[in-house]
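Below are the chains, spelled out letter by letter.
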Amino acid sequence: MKLQRKNRRALALGALAVSGALALTACGSDDTGTGGDSTAAAPTGNIDCGDASGQLQASGSSAQKNAVDAWVKQYTAACKSVQVNYNPTGSGAGITAFLQGQTAFAGSDSALEAEEITESKKTACTNGGQAIDLPMVGGPIAVGYNVPGVDSLTLDASTLAKIFDSEITNWNDAAIKKLNPDAKLPDLKIQAFHRSDESGTTDNFTKYLAAAAAKDWKYEPGKSWEAKGGQSASGSSGLAQQVTQTAGAISYFELSYAKGGMKTVKLDTGAGTPVEATLDNATKAIAAAKRVGTGKDMALELDYATKAEGAYPITLVTYEIVCDKGNKAETLPAVKSFLGYMASEDGQGVLTEADYAPMPDEIITEVRKTVESLS
């Protein structure tokens, strides 16, 4: 498994080099997809630029791409001596680039694994430092669908597992009818789309399937898609685009990509009422997460099988991956300044306008302290 992962990393790094020209800058990004509005307003007067200057290179999670767009716009308006380049290559490629010293920080929708932390001590982080997880962005992974004539759809974990494993292949299947007795389900082939690139969104989605539908999901959760069949697309924006343009399509991506009237699935979790993918329902799930990281690492463990009322279980937390110490001297001021803004009250306030969930107060307060201590 480790060898396979290294091979996937090598491929991901190659993709990163090819797509480098797509990096987000202060001028915005051409990877708009169907994502959220990156023009969310926030005051810039409280942003502390400090000694920050030069270019700040980062890459990783496409889940937070729309949030980063909004942050970059506000931050660079205040700190004109800094150019922030964020390349939304996916969590796997982002971690790879960071560990190889190509970026100042990475975005990942999954916490670092033990071997990645060990590797960071030998590569990215000097002076006894190591990579740590800083939870910065939250939100639900919506399951978007395009079924003509069906404006409301409820599915459970078992049915979703069978759909994405090509065991349920038509929208008028008996299992879907049972959950939606009043819906006029068409005789239409299901077009299930998954990520083609290594993705923390895939990791969280498959963790949900493994936890809530263990009998029906036969695969280990991970950043790479393992199930049979289906079709693939790159990035959350790619999946959202496929759902928008393909009758019968279904896929998973952050709520901020479910735009233009796209319908999203309600989840039957075993609670009294099916749960919608909303920011409030995601925040309920994040607030109940357990901290499993040690020291300055703030990795969280979510309960993907929750049956709590109003708690949406397919929720992810995007972490900023950075060295606790041993960061490069030339980028450290910009890293602390930009991450500090992201974690600030103003920075977190941008998130709801871009359809993301801010971190709960207890979590983000600790993140701010950790950012201040980076060296």
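Provided above is the structure to which this section pertains.
Participant: Give me the lowdown on the overall build of the chain, citing residues and values where you can.
Facilitator: Counting its regular elements, the chain contains twelve helices and 13 strands. Of all 375 residues assigned to the chain, the portion counted as buried reaches 57%. When contacts within the chain are restricted to residue pairs at least 6 apart in sequence, long-range pairs at least 24 apart make up 78% of them. Roughly 15,200 Å² of accessible area belongs to the chain as shown, and the carbon and sulfur atoms make up 49% of that amount.

Participant: Go over the nonpolar core, please, and point to the residues and values.
Facilitator: Membership of the largest hydrophobic core comes to 109 residues, with the highest contact counts inside it found for Trp-71, Phe-164 and Ile-250. Take this core: its biggest share by element is nine residues, from strand 4 (residues 131–145). With residues near it in sequence (within four places) discarded, Trp-71 still touches Gln-64, Met-136, Val-137, Phe-338, Tyr-341, Met-342, Gly-347, Gln-348, Val-350 and Leu-351.

Participant: Pulling in residues and values, what's your account of helix 9 (residues 279–287)?
Facilitator: All of the buried residues along helix 9 are Leu-279, Asn-281, Ala-282, Ala-285 and Ile-286. With its buried residues spanning 160° around the axis, helix 9 presents them on a single face. Among the exposed residues of helix 9, those oriented more than 90 degrees off its buried face are Asp-280 and Ala-287. Looking at the buried positions of helix 9, the neighbouring elements they touch are strand 4, strand 13 (315–323), helix 11 (345–353) and helix 12 (361–373).

Participant: Break down the side chain of Ser-91 for me, citing the residues and quoting the values.
Facilitator: Along the chain, the position of Ser-91 falls in helix 3 (residues 91–99). Once residues lying within four places of it in the same chain are set aside, the contact partners of Ser-91 are Gly-60, Ser-61, Gly-107, Ser-108, Asp-109, Glu-198, Ser-199, Gly-200 and Lys-223.

Participant: So what's going on with the packing of aromatic side chains? Which residues, and what values?
Facilitator: The final tally for this structure, using the stated rule, is ten aromatic pairs. Centroid distance Phe-164 to Phe-205: 5.2 Å. Interplanar angle 75°. Geometry classified as edge-to-face. Of this pair, Phe-164 sits in helix 5 (residues 157–164) while Phe-205 sits in helix 7 (residues 200–212), and the two are 41 residues apart along the sequence. Taken together, a centroid distance of 6.1 Å and an interplanar angle of 65° make the contact between Phe-164 and Tyr-252 edge-to-face. With Phe-164 in helix 5 and Tyr-252 in strand 8 (residues 249–254), this pair connects stretches of sequence that are 88 residues apart. With a relative accessible area of 3%, Phe-164 lands in the buried category. For Tyr-252, a relative accessible area of 0% translates into the label buried. Taken together, the ring pairs in this structure connect Phe-164, Phe-205, Trp-217, Tyr-219, Trp-225 and Tyr-252 into an aromatic cluster.

Participant: Lay out the state of the cysteines in plain terms, naming residues and giving numbers.
Facilitator: Going through the model one piece at a time under the given rule, you end up with two disulfides. The disulfide partner of Cys-49 is Cys-79, and the S-S distance across this bridge is 2.0 Å. Because the torsion about its S-S bond is -90°, the bridge between Cys-49 and Cys-79 counts as left-handed. With a gap of 30 residues between them, Cys-49 in the loop between helix 1 (2–18) and strand 1 (54–60) and Cys-79 in the loop between helix 2 (65–78) and strand 2 (82–87) connect regions that are remote in the sequence. As far as the burial class goes, Cys-49 and Cys-79 line up, both buried. Note on cysteine connectivity: Cys-125 is disulfide-linked to Cys-323, with sulfurs 2.0 Å apart. Disulfide Cys-125-Cys-323: the torsion about the S-S bond is -85°, which places it as left-handed. Note that Cys-125 is positioned in the loop between helix 4 (114–122) and strand 4 and Cys-323 in strand 13, a separation of 198 residues in sequence.

Analysis parameters
Residues numbered from 1 in each chain as written. Predicted model: local features only at pLDDT ≥ 70, side-chain atom pairs only at ≥ 80, totals over all residues. Heavy atoms only, no water. Helix = DSSP H or I, 4+ residues; strand = E, 2+ residues; numbered from the N terminus. Buried < 20%, exposed > 50% of the residue type's maximum accessible area, 1.4 Å probe, protein only. Contact = heavy atoms within 4.5 Å. Areas by Shrake-Rupley, 256 points an atom, 1.4 Å probe, with all protein chains shown as cover. Core = buried A, V, L, I, M, F, W, Y, C linked by side-chain atoms within 4.5 Å. Arc of directions from axis to C-beta. Phe/Tyr/Trp six-rings, centres within 6.5 Å; stacked < 30°, edge-to-face > 60°. Disulfide = S-S within 2.5 Å.

Note that all results are geometric; they support no functional claim without further evidence.
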